[in-house]
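# Fold and geometry: a report
As a plain string of letters, each chain reads:
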Amino acid sequence: MSERGNFGSRLGIVLATAGSAVGLGNVWRFPYMTGQNGGAAFILIYIACILLLGLPGMVSEFIVGRHAQANAAAAYDKLSGGRPWKLVGYLGILTSTIILGFYAVVAGWCLQYLFASIAGQVMGDADYVSRYFVSFSSHPLKPLLWALGFLLLTHLVIVRGVRKGIERASKFLMPILFVLLMILVVASCLLPGAGEGIRFLLMPDFTKLSSGVMLEALGQAFFSLSLGTACLCTYASYFSRDTRLLPSAGQIALLDTLIAILSGLMIFPAAASVGISPDSGPSLIFITLPNVFQQAFSAVPAVGYVVSIMFYALLVFAALTSTISMHEIGTAFFTEEWNLPRRRSAWVVTVVASVISVVCSLSVGALPSLQLMDRSVMDFCDQLTANFMLPAGAMLACLFVGWYIPKQVARDEFTNFGTFGTRLFPAYLFAVRFLCPLCIGLIFLHQLGVI
Ligand code: PHE
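The following paragraphs examine the structure supplied in this document. (Residues numbered from 1 in each chain as written. Predicted model: local features only at pLDDT ≥ 70, side-chain atom pairs only at ≥ 80, totals over all residues. Heavy atoms only, no water.)

### Considering the overall build of the protein chain
The condition that has to hold: Secondary structure elements follow DSSP: runs of H or I no shorter than four residues count as helices, runs of E no shorter than two count as strands, and numbering proceeds from the N terminus. Each radius of gyration reported is based on C-alpha atoms, and the globular scaling rule is 2.2 Å times the count of residues to the power 0.38. Throughout this description, buried means an accessible area under 20% of the type-specific maximum (1.4 Å probe, protein chains only), exposed means over 50%, and partly exposed covers the range between. Here a residue-residue contact requires only that any non-hydrogen atoms of the pair lie within 4.5 Å. Values of accessible area rely on a 1.4 Å probe in the Shrake-Rupley scheme; residue burial ignores everything except the protein chains shown. The charge count treats Lys and Arg as positive and Asp and Glu as negative. His and the chain ends do not count. By convention, the point assigned to a charge is CZ for Arg, NZ for Lys, CD for Glu and CG for Asp.
Counting its regular elements, the protein chain contains 18 helices and two strands. Scaling as 2.2 N^0.38, a compact globule of 451 residues should have a C-alpha radius of gyration of about 22 Å, and the protein chain matches this with 21 Å. Summarising its shape, the C-alpha atoms of the protein chain cover approximately 60 × 50 × 40 Å along the three principal directions. Split into buried and exposed, the 451 residues of the protein chain put 60% on the buried side. Contacts in the protein chain between residues at least 24 apart in sequence constitute 81% of all its contacts with a sequence separation of at least 6. Summing over all exposed atoms, the protein chain offers an accessible surface of approximately 17200 Å²; the carbon and sulfur share of this is 69%. Within the protein chain, the 20 negative side-chain charges are centred at a point lying 10 Å from the centre of the 26 positive side-chain charges.

What follows is the structure, encoded as structure tokens:
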């Protein structure tokens, strides 16, 4: 238990799980997905996915992890007596490593913007800010180095075991991020012409809904909750016996959704104000935010300067607490299953993720010919994981808990041995047995053209 136990306090591990959920998925991916999928209607579907599918999915991963007290693959293995369910764990490890690869690219962009804002480089009109992003991201070397630097940072945290410090820091840094987001929301909504952006977020246009949009909303919900990678299962293996699984999942999902919606409210009014199209894709926050910092605080530019530095620093921190969780899945696996020293397992994950990062970064920068199925490798990895691998992982976790493991085990974990929530258990069981597999299955089949 000594190596498994080196997470911080008991409360710390639930905080760490929230840290895993809150990250670039909320501040970067949610706004750009909302922008590309028509705004308010997408958000409604997103919230429905969180409540109906995300929560039961999270609780299922928690049940598997806490009951088995082992890494993802071993957890499924232990609970199923060596049946092929172990593959669900492998799928999670693969998915999280791919995500780590492309996530580090965007985290690297944030690092670059942090240093650029310290140096005062992203100052200028909307046109300049857009060009700045293109010229930086297509530089042959810079974005690669930032991404690799970010992976190295994650690696150091994983092997040095300084997660305790990170957890402690997140206790006060996350609230600051929250407050800063609120300030930026107000600043952004007060910009001239912001109304268009607010309407886009709040007035649903259901004509834009399609099965593709549903799949994107589902994928975004799971990505944001860190659900379907076995990450929650790995973290739950460190939970204490008295952690209540459903309330913890609920709190994390609520916080996560709030931060995502606040990010939308920060981005779209500002984008409308400076004429940036909501469907600009992955570059959306990078070409919008510098305008907010400059224009909203134009009366006192020094405030804008400080706010921008603080914001990027907090974003980097939020991204780090997420990359740590993705890294931990593979590291725990190689350490426990292959009996590698923790240091060496961490290197395996870092090296594989670095290769993925380099290819992804080049595919959206200096080497646009790096494509898979008509899109950049980066987009491909993003869509493959979020829209297919995560929902598949979550669906299997639900089926596993709903149908395969003894009902008593699920009930004991869900109710903390009958001490709480016994009346909610049947609803949960219904969700994991029928609701989640059916909904996810139907969206998949529709997307594949079968129905
Ligand atoms: N949930 C994280 C975010 O929103 C991303 C993540 C996905 C982390 C999958 C771990 C596993 O940024």
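### With respect to the site of the ligand
Rules: Neighbouring residues are identified by heavy atoms, a residue being near a molecule or strand if any of them is within 4 Å of it. Polar contact criterion, stated in full: a pair of N or O atoms within 3.5 Å, where within protein one must be able to donate a hydrogen and the other to accept it, and residues adjacent in sequence count only if both atoms are side-chain atoms. Each residue gets one label: Ala, Val, Leu, Ile, Met, Phe, Trp, Tyr, Cys and Pro are nonpolar, Asp, Glu, Lys and Arg are charged, and the others, such as Gly, are polar.
Around the ligand, 15 residues are found, and the nearest of them are Ala-21, Gly-25, Tyr-103, Phe-223 and Ser-226. Interatomic distance of 2.8 Å between a backbone N/O atom of Ala-21 and an oxygen atom of the ligand. Starting from 320 Å² of accessible surface for the ligand in isolation, the protein chains cover 100%. Residue assignment for the shell around the ligand shows that the elements contributing at least two residues are helix H1 (10-21), helix H2 (24-36), helix H5 (86-118), helix H10 (211-225) and helix H14 (301-337). By residue class, the composition of the shell around the ligand is six nonpolar, nine polar and no charged.

### Looking at the nonpolar core
So the rule is basically this: The definition of a nonpolar core used throughout is a set of buried Ala, Val, Leu, Ile, Met, Phe, Trp, Tyr and Cys residues joined through side-chain atoms within 4.5 Å.
In this structure, Leu-24, Met-58, Phe-222, Met-266, Phe-286 and Phe-311 are the most contacted members of the largest nonpolar core, which totals 158 residues. With 17 residues, the top contributor of residues to this core is H5. Excluding residues within four positions of it along the chain, Leu-24 makes contact with Arg-29, Tyr-103, Val-106, Ala-107, Cys-110, Leu-315 and Ala-319.

### Some words on the pattern of salt bridges
Once the charged atoms of two side chains with opposite charge are near each other, the side chains can pair. Rules: The salt bridge definition used is simple: a Lys or Arg side-chain nitrogen within 4 Å of an Asp or Glu carboxyl oxygen.
Within the structure shown, the criterion is met by eight salt bridges. Linking Glu-328 and Arg-342 is a salt bridge whose minimum nitrogen-to-oxygen distance equals 3.0 Å. Taken together, the residues Glu-328 in helix H14 and Arg-342 in helix H15 (residues 342-363) connect sequence positions 14 residues apart. The pair Glu-328 / Arg-342 is uniform in exposure class, with both members buried.

### Some thoughts on the side chain of Asp-256
Looking at the secondary structure, you find Asp-256 in helix H12 (residues 245-274). Look at Asp-256: it is buried, it has no salt bridge, and the nearest opposite charge is Arg-29 at 11 Å. If sequence neighbours within four positions are ignored, Asp-256 has contacts with Ala-21, Val-22, Asn-26, Tyr-46, Ser-224 and Leu-225.

### Some words on the packing of aromatic side chains
For the record, the criterion: Each aromatic pair joins two rings of Phe, Tyr and Trp (for Trp, the six-membered one) with centres within 6.5 Å, and gets the label stacked for planes under 30 degrees apart, edge-to-face for over 60, and tilted for any other angle. The rule is short: NZ of Lys or CZ of Arg within 6 Å of the ring centre and within 35 degrees of the ring normal puts a charge over the ring.
Per the counting criterion, the structure on display carries 32 aromatic pairs. Ring centres of Phe-115 and Trp-146 lie 5.3 Å apart, and the angle between their planes is 20°; on these two criteria the pair is classed as stacked. Pair noted here: Phe-115 is in helix H5 and Trp-146 is in helix H7 (residues 142-160), with a separation of 31 residues, a long-range link. Relative to Phe-434, the ring of Trp-403 has its centre 5.5 Å away and its plane inclined at 90°; by these criteria the two rings are edge-to-face. Separated by 31 residues along the polypeptide, Trp-403 in helix H16 (residues 377-404) and Phe-434 in helix H18 (residues 425-447) bring together distant segments of the chain. Taking the relative accessible area as the measure of exposure, Phe-434 reaches 36% and is therefore partly exposed. One aromatic cluster is present, formed by Trp-109, Tyr-113, Tyr-128, Tyr-132, Phe-133, Phe-136, Phe-286, Phe-293, Phe-311 and Tyr-312 through successive ring pairs. Sitting over the face of the ring of Phe-223, Arg-29 holds its NZ or CZ atom 5.0 Å from the ring centroid. A cation sits over an aromatic face here: Arg-433 above Trp-403, 4.6 Å from the ring centre.

### Looking at a nonpolar patch on the surface
Cut-off, in case you're wondering: In this scheme, patches are assembled from residues that exceed 30% relative accessible area and form no salt bridge. Like charges are connected within 9 Å, while nonpolar side chains (Val, Leu, Ile, Met, Phe, Trp, Tyr) are connected within 5 Å.
Where nonpolar side chains cluster on the molecular surface, the patch consists of Phe-115, Ile-118, Met-123, Phe-172, Ile-176, Tyr-305, Val-306 and Met-310 and spans about 720 Å² of accessible area. A total of three residues in the nonpolar patch trace back to one element, the largest contributor, which is H14. With respect to the element layout, Met-123 can be found in the loop between H5 and helix H6 (126-137). The class for Met-123 is partly exposed, based on a relative accessible area of 45%.

### Examining the environment of Leu-53
Among the secondary structure elements, Leu-53 is positioned in helix H3 (residues 40-68). A relative accessible area of 6% places Leu-53 in the buried class. Taking the C-alpha atoms as reference points, Leu-53 and Leu-435, 382 residues apart in sequence, are found 7.6 Å from one another.

### A closer look at the side chain of Thr-385
Mapped onto the secondary structure, Thr-385 falls in helix H16. If we skip the residues at most four places from it in the chain, Thr-385 touches Thr-95, Ile-98, Ile-99, Phe-102, Leu-390 and Pro-391.

### What about the packing of H12 against helix H13 (residues 284-296)?
Heads up, the condition is: Orientation is described by axes fitted as lines to C-alpha atoms, over the contacting stretch for helices, and by angles from 0 to 180 degrees between their N-to-C directions. Working definition: roughly parallel below 35 degrees, roughly antiparallel above 145 degrees, roughly perpendicular at 65 to 115 degrees, and oblique for all remaining angles.
One way to put it is that H12 packs onto H13 with a least axis distance of 9 Å and a crossing angle of 80°. Looking at the two axes, H12 sits roughly perpendicular to H13. Contact with H12, carried on its side by Met-266, Ile-267, Phe-268, Ala-270, Ala-271, Ser-273 and Val-274, involves Leu-284, Ile-285, Thr-288, Leu-289, Asn-291, Val-292 and Gln-295 of H13 and no other residues of that element. Residues belonging to the contact of H12 with H13 are distributed by class as follows: 10 nonpolar, four polar and no charged.

### Details of the environment of Cys-360
Within the fold, Cys-360 resides in helix H15. The spacing of Cys-360 and Ala-394 is 34 residues in sequence and 25 Å in space, taken between C-alpha atoms. Once residues lying within four places of it in the same chain are set aside, the contact partners of Cys-360 are Phe-102, Val-105, Val-377, Met-378 and Cys-381.

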